[in-house]
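What follows is the residue order along each chain.
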Amino acid sequence: HYPLRRQRQMCIRDRPRPTDERVLIVDDICDSGKTFEKMSKHIHKNNSKCDVRFASLIWNNEIEWEPHYYAQEIAKDSKNIWVNFCWESFWLAPV
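Given the structure is predicted, the values throughout are model-derived calculations rather than measurements.

How each quantity is defined
- Residues numbered from 1 in each chain as written.
- Predicted model: local features only at pLDDT ≥ 70, side-chain atom pairs only at ≥ 80, totals over all residues.
- Heavy atoms only, no water.
- Helix = DSSP H or I, 4+ residues; strand = E, 2+ residues; numbered from the N terminus.
- Buried < 20%, exposed > 50% of the residue type's maximum accessible area, 1.4 Å probe, protein only.
- Polar contact = N/O pair within 3.5 Å; in protein donor to acceptor, adjacent residues only side chain to side chain.
- Pairing = 2+ DSSP bridges.
- Axes fitted to C-alpha atoms, helices over the stretch in contact; angles between N-to-C directions.
- Contact = heavy atoms within 4.5 Å.
- Phe/Tyr/Trp six-rings, centres within 6.5 Å; stacked < 30°, edge-to-face > 60°.

## Structural notes on the side chain of Ser56
Locating Ser56 in the fold gives a position in strand E2 (residues 51–60). Overall, the relative accessible area of 5% leaves Ser56 in the buried class. Among the polar contacts listed, one links the side chain of Ser56 to the backbone nitrogen of Cys30, at a separation of 3.0 Å. Separated by 2.7 Å, the side chain of Ser56 and the backbone oxygen of Ile58 make a polar contact.

Take a look at the structure:
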């Protein structure tokens, strides 16, 4: 997962532009909401008028942060659910 995290950090630094009026950030899962919170703060620091929205395939509904759009909600913590996405096996494959 480390290469993906580095890539995300690079994208956050480079985008959005200060002139962007609307931004949609999409992630596979909103687990704790911390990633979305950090991204929102970073974007608003550089562009306070930007309308930032968040979308997620899966939202852990046991947290306070709720994305604007999500496909499915789960009670991840109380039901002890771990979500495995098919694309995660790519990062574990030997090179």
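Once you've had a look at it, read on.
## Side note on the sheet that holds strand E1 (residues 22–30)
As a general point, the strands of a sheet are linked pairwise by backbone hydrogen bonds and lie either parallel or antiparallel. Strand order in the open sheet made by the three strands is E1-E2-E3, with parallel pairing throughout. Two strands lie at the open edges of the sheet, namely E1 and strand E3 (69–74), each paired on one side alone. Taking each pair of neighbouring strands and ignoring which way they run, the sheet shows an average axis angle of 20°. As judged from the five bridges shared by E2 and E3, these two strands associate in the parallel manner. Among the inter-strand pairings, Ser56 is bridged to a residue of E3, identified as Tyr70. Along the sheet face, helix H2 (residues 34–46) touches E1 and E2 and points at about 170° away from the line of E2.

## Thoughts on the packing of aromatic side chains
Taken as a whole, this structure holds three aromatic pairs when the rule is applied. Ring geometry for Trp59 versus Tyr70: centroids 4.9 Å apart, planes at 45°, classification tilted. Note that Trp59 is positioned in strand E2 and Tyr70 in strand E3, a separation of eleven residues in sequence. One aromatic cluster is present, formed by Phe36, Phe54 and Trp65 through successive ring pairs.

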